[in-house]
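# Observations on the three-dimensional arrangement
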Amino acid sequence: MQRPVNRIMPNLPVQAYQTFQITRKRDTTVRAVCEQVGCEAWRHGWDSVIDERTELGRTQAAYIRGESRRTFREMTTDAGLTVFRFESGQRCFADHKTVPELYLVRDGDWRGNPTGRKRQHTRPQDWVEDFGENQLRLVDQQKKG
């Protein structure tokens, strides 16, 4: 059972408010880069241990050396395995997925949107900037009385 929401009735009409919201669509995933999902390999670097005595290992090693476009150091273990040590801050080899966030701004508050005006920021930084500018406007208005 969901707990009822207790709201204080605002002093101003609904037209005097703006709502800033971050939300997600249900069941929607998109491809994401390592940094977006907090990938440990991206953050700390990683080792790929390859057995070049196998066809798969030779193919993997050839890809890493010639096509991966990643920075690495190459070493060989006592057991004859090749270790590729990748530096942090570069994309790993995994395909990451995430649920995208939506950065919304609309007129009104919980009582409704009387103008129907709404917009969606494409970058979180833009939403944060918009929110900050709105807060500064409110402070200025409060100082004026």
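The coordinates are above.
Residues numbered from 1 in each chain as written. Predicted model: local features only at pLDDT ≥ 70, side-chain atom pairs only at ≥ 80, totals over all residues. Heavy atoms only, no water.

### Comments concerning the pattern of salt bridges
Which entries qualify depends on this criterion: Just to be clear on terms, a salt bridge is a Lys or Arg side-chain nitrogen sitting within 4 Å of an Asp or Glu carboxyl oxygen. Secondary structure is summarised from DSSP: a helix means a run of H or I of at least four residues, a strand means a run of E of at least two, and numbering begins at the N terminus for each. Note on classification: 1.4 Å probe, protein chains only; a residue is buried when its accessible area is under 20% of the maximum for its type, exposed when over 50%, partly exposed between these limits.
With the rule as written, the count across this model stands at 13 salt bridges. In this structure, the salt-bridge partner of Arg 31 is Asp 95, at a minimum N-O distance of 3.1 Å. Of this pair, Arg 31 sits in strand E2 (residues 30-32) while Asp 95 sits in the loop between strand E5 (82-86) and strand E6 (96-98), and the two are 64 residues apart along the sequence. Among the ionic pairs, Arg 65 bridges to Glu 52, the shortest N-O distance being 2.8 Å. You can see Arg 65 sitting in helix H3 (residues 55-66) and its partner Glu 52 sitting in the loop between strand E3 (46-50) and H3, a full 13 residues away along the chain. Looking at Arg 65, the relative accessible area reads 39%, which means it is partly exposed. Since its relative accessible area comes to 25%, Glu 52 is described here as partly exposed.

No statement about biological role is implied by the geometric values presented.
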